Amino acid sequence: LSLSDFNSGYIKNYGGQVTSKIMIIVSKTVSIGVAVITLMIPAVIETMVLKYLIYGYLGIDSVGQFVKYIAMEIFLLIGLGLICMFISMLIKKSTIAITICVILGMGMFENIFEESINEIMSEYIADFWLSKYTIIGNINFLGEPELSGGYLLAFVVGAIAIICGFLLSTLVFNKRDVV
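The following paragraphs examine the structure supplied in this document. (Residues numbered from 1 in each chain as written. Predicted model: local features only at pLDDT ≥ 70, side-chain atom pairs only at ≥ 80, totals over all residues. Heavy atoms only, no water.)

Another aspect to go through is the overall build of the protein. When helices and strands are counted, the protein shows eight helices and zero strands. N-terminal to C-terminal, the α/β element order of the protein is α-α-α-α-α-α-α-α. For the protein, the residues scored as buried account for 36% of the 179 residues in total. In the protein, the share of contacts with a sequence separation of at least 24, taken over all contacts with a separation of at least 6, comes to 67%. With an accessible surface of roughly 10,900 Å², the protein has 68% of that area assigned to carbon and sulfur atoms. (Helix = DSSP H or I, 4+ residues; strand = E, 2+ residues; numbered from the N terminus. Buried < 20%, exposed > 50% of the residue type's maximum accessible area, 1.4 Å probe, protein only. Contact = heavy atoms within 4.5 Å. Areas by Shrake-Rupley, 256 points an atom, 1.4 Å probe, with all protein chains shown as cover.)

Moving on, we get to the environment of Phe113. Of note, Phe113 is situated in helix 6 (residues 108–122). We classify Phe113 as partly exposed; its relative accessible area is 43%. The sequence separation of Phe113 and Leu130 amounts to 17 residues, and the corresponding C-alpha distance is 9.0 Å.

In this section: the nonpolar core. Formed by 33 residues in total, the largest nonpolar core has its most connected members in Leu76 and Ile135. Elements supplying a minimum of two residues to this core: helix 3 (21–55), helix 4 (63–91), helix 5 (94–106), helix 7 (135–140) and helix 8 (150–175). With twelve residues, helix 4 is the single largest residue contributor to this core. When sequence neighbours within four positions are dropped, the list of residues in contact with Leu76 reads Ile135, Asn138, Ile139, Ala154, Val157 and Gly158. (Core = buried A, V, L, I, M, F, W, Y, C linked by side-chain atoms within 4.5 Å.)

This paragraph deals with the environment of Asn138. You can see Asn138 is positioned in helix 7. As for Asn138 and Gly158, which are separated by 20 residues in sequence, their C-alpha atoms are 8.9 Å apart. Not counting the four nearest positions on each side in its chain, Asn138 is found in contact with Leu76, Ser131, Lys132, Tyr133, Leu153, Ala154 and Val157.

Right, let's get into the packing of aromatic side chains. Summed over all chains, the structure comprises two aromatic pairs. Ring geometry for Tyr55 and Tyr57: centres 6.4 Å apart, planes at 45 degrees, overall tilted. The class for Tyr55 is exposed, based on a relative accessible area of 56%. Assessed through its relative accessible area of 47%, Tyr57 is described here as partly exposed. Both rings, one in Phe75 and one in Phe155, keep their centres 5.0 Å apart while their planes meet at 10 degrees; by these two values the pair is stacked. In this pair, Phe75 sits in helix 4 while Phe155 sits in helix 8, placing the two residues 80 residues apart along the sequence. Since its relative accessible area comes to 22%, Phe75 is described here as partly exposed. Phe155 gets classed as partly exposed once you look at its relative accessible area, which sits at 42%. (Phe/Tyr/Trp six-rings, centres within 6.5 Å; stacked < 30°, edge-to-face > 60°.)

Here the focus is the packing of helix 4 against helix 8. Viewed as axis vectors pointing N to C, helix 4 and helix 8 meet at an angle of 25 degrees, and their least axial separation amounts to 8 Å. Taken together, the axis directions place helix 4 and helix 8 in an arrangement best described as roughly parallel. Crossing handedness for the pair helix 4 and helix 8: left-handed. The class makeup of the residues in the contact of helix 4 with helix 8 is 22 nonpolar, five polar and one charged. (Axes fitted to C-alpha atoms, helices over the stretch in contact; angles between N-to-C directions. Parallel < 35°, antiparallel > 145°, perpendicular 65-115°, else oblique. Left-handed = near helix turned anticlockwise from the far one by under 90°. Nonpolar A, V, L, I, M, F, W, Y, C, P; charged D, E, K, R; others polar.)

So, in structure tokens, the structure goes:
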């Protein structure tokens, strides 16, 4: 999504039309948000329908809590999308970028490095757990506040990912000649 216009050369058609390169990054950010929401809502509905058909109940205690959970998950996924946008702009090779982003999304980097990072950081921070400070870790444990840091920590992690992804993408894009 964020690299196809570079690979096809289409960026040259509209790159010279905008007054600021940052507007291209803003539009890509909005399109990532729309894509996440567009994919997330049907997935949630499908999951609810299947859970009701298989188990006979939805398992939602509070509609407000459920909406808060879905909104936070969407927020974290937008952060992941922006980090992936930065990776794809930095690497410029879509297959490598897609591979790295899929591995990120699956949480495999966490699985590979978590034990060693936890060991190193536990010397400095008591009860350090890497998953509490990653996007995928927060998504996985969002419904279990005793394992995660709760919604506040998830919001902070998501906000940092969104800000870093946006700023780093902007820095990489500004260095690039688009026209």
